[in-house]
Protein chains: 2
Amino acid sequence: MNYEEHSKFMKEALKEADKAARMGEVPVGAVIVKDGTVIGRGFNKTETTSLATSHAEIEAISMASEHLGNWRLYGCSMYVTLEPCAMCAGAAVLSRIENLFYGAADPKFGGCESIFEIPTEARLNHRVNVVGGLMAEESSRKLRDFFRDLRNRKNIDNLKDEN
Amino acid sequence: MNYEEHSKFMKEALKEADKAARMGEVPVGAVIVKDGTVIGRGFNKTETTSLATSHAEIEAISMASEHLGNWRLYGCSMYVTLEPCAMCAGAAVLSRIENLFYGAADPKFGGCESIFEIPTEARLNHRVNVVGGLMAEESSRKLRDFFRDLRNRKNIDNLKDEN
């Protein structure tokens, strides 16, 4: 696949991130692709579900596994807008995902390059090919906008409380 | 808590592992305890659910979060029969679990000491206290017995095929 084709799938992941933002969740989205078809989608919904494991990648892996009727996602690529955390990087390895493309790096939680390098660890029984920085600017902008709006809303609430 | 009290909860985790074995799943079990009460339980069921993320710890975290109505498992301890993998160690950090007690170390997948040291990583925003080796022999024995039985069954099947 060329850059344009990869971008097409990352745009699908960014649409998932928008769904999260509309629900007031930190905007992170993911899709899983096999043979050119999206077979799994997910977005972060940890607040809505009251569950710390409801990350976009975990949701997308669940949907893809259900679609295939198999926990082994051989030949599948995951596109996720933000560098997966340790949990999600571990889930990608366990699921035998072949390729992982992500947008922005995550210096605070990143499990693929920033803090840990889980998908490429030689001692594990499966390794995932990792490409970071795909449409990173679009992904970062969504996160920045989300947190700016959150701060603004908090400031307005504080002003209301003072009046 | 003293050793006896910790062992009491690890025995509950071992009971969960037995449930997995009875379903033909690799026997790993976990419980989550708050204020001396078990509020979450789980056992490995990746084959049954066709989902690589159906590890004991993830199931136990889901149940505990549902019980508390909160993804933040403050003041909770997790007891798991085998050293958590990267995914589960990451989930423990994300869920703000306070203490993690595990049985046998897992040199192939372990995310707490064997391959990664995720729960105690200083750069993450939460750290989990980790104690490994609690009733490790009981946990290892269950795994050894399971894989021995699996091999025996395969050998019997092969003999049947030859006759």
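An account of the accompanying structure is given in this report. (Residues numbered from 1 in each chain as written. Chains lettered and ligands numbered in written order. Predicted model: local features only at pLDDT ≥ 70, side-chain atom pairs only at ≥ 80, totals over all residues. Heavy atoms only, no water.)

The next point concerns the pairing of strand β2 (residues 37-43) of chain A. Residue and element names in this part refer to chain A. Bridge analysis of strand β1 (residues 29-34) against β2 gives six bridges, and the strand direction is antiparallel. Among the inter-strand pairings, Ala 30 is bridged to a residue of β2, identified as Gly 42. Hairpin connection, β1 to β2: the antiparallel pair is bridged by two residues, and Asp 35 has positive phi, about 50°. (Pairing = 2+ DSSP bridges. Helix = DSSP H or I, 4+ residues; strand = E, 2+ residues; numbered from the N terminus.)

Residues and elements named next belong to chain B. Strand order in the open sheet formed by five strands is β2-β1-β3-β4-β5, with mixed pairing between adjacent strands. For this open sheet the edge positions go to β2 (37-43) and β5 (129-131), each flanked by a neighbour on one side alone. On average, each strand axis in the sheet is tilted by 15° relative to the strand beside it, whichever way the strands run. Across three bridges, the pairing between strand β4 (residues 99-104) and β5 is parallel. Note on β5: the bridge partner recorded for Asn 99 is Asn 129. Packing of helix α3 (residues 56-68) onto the sheet brings it into contact with β1 (29-34), β2 and β3 (76-82), and relative to β2 it is tilted by some 145°. (Axes fitted to C-alpha atoms, helices over the stretch in contact; angles between N-to-C directions. Contact = heavy atoms within 4.5 Å.)

Below, the discussion takes up the relation of the copies chain B and chain A. For the pair chain B and chain A, the superposition axis carries a translation of 0.0 Å, the fit reaches an RMSD of 0.0 Å, and the rotation angle comes to 180°. Both chain copies can therefore be described as sitting about a two-fold axis. Identified as the residue of chain B closest to the rotation axis by C-alpha distance is B:Met87, at 1.9 Å. (Least-squares fit on C-alpha atoms with pLDDT ≥ 70 in both.)

Judged by nonpolar contacts, the single largest core of 74 residues is most densely connected at A:Ile32, A:Ile118, B:Ile32 and B:Ile118. Those residues in contact with B:Ile118, other than ones at most four positions away along the chain, are A:Ala86, A:Phe116, A:Ile118, B:Ala86, B:Ala89, B:Gly90, B:Val93, B:Gly111 and B:Leu124. (Core = buried A, V, L, I, M, F, W, Y, C linked by side-chain atoms within 4.5 Å. Buried < 20%, exposed > 50% of the residue type's maximum accessible area, 1.4 Å probe, protein only.)

A few words on the interface of chain B and chain A. Opposite the 33 residues of chain B that make contact, chain A presents 33 residues. Counting each side, the surface lost to burial between chain B and chain A is near 2,500 Å², with a carbon and sulfur contribution of 72%. Taken together, the links from chain B to chain A amount to two salt bridges. The tally of links between chain B and chain A comes to four residue pairs in polar contact (both at pLDDT 80 or more). Within the residue set of the side of chain B that touches chain A, elements represented by two or more residues are α2 (46-49), α3 and α4 (86-94) of chain B. Considering each element in turn, the side of chain B that touches chain A owes the most residues, five residues, to α4(B). When the residues that make up the side of chain B that touches chain A are grouped by side-chain class, the tally is 15 nonpolar, 12 polar and six charged. (Buried area = accessible area lost by both parts, 1.4 Å probe. Salt bridge = Lys/Arg side-chain N within 4 Å of Asp/Glu carboxyl O. Polar contact = N/O pair within 3.5 Å; in protein donor to acceptor, adjacent residues only side chain to side chain. Nonpolar A, V, L, I, M, F, W, Y, C, P; charged D, E, K, R; others polar.)

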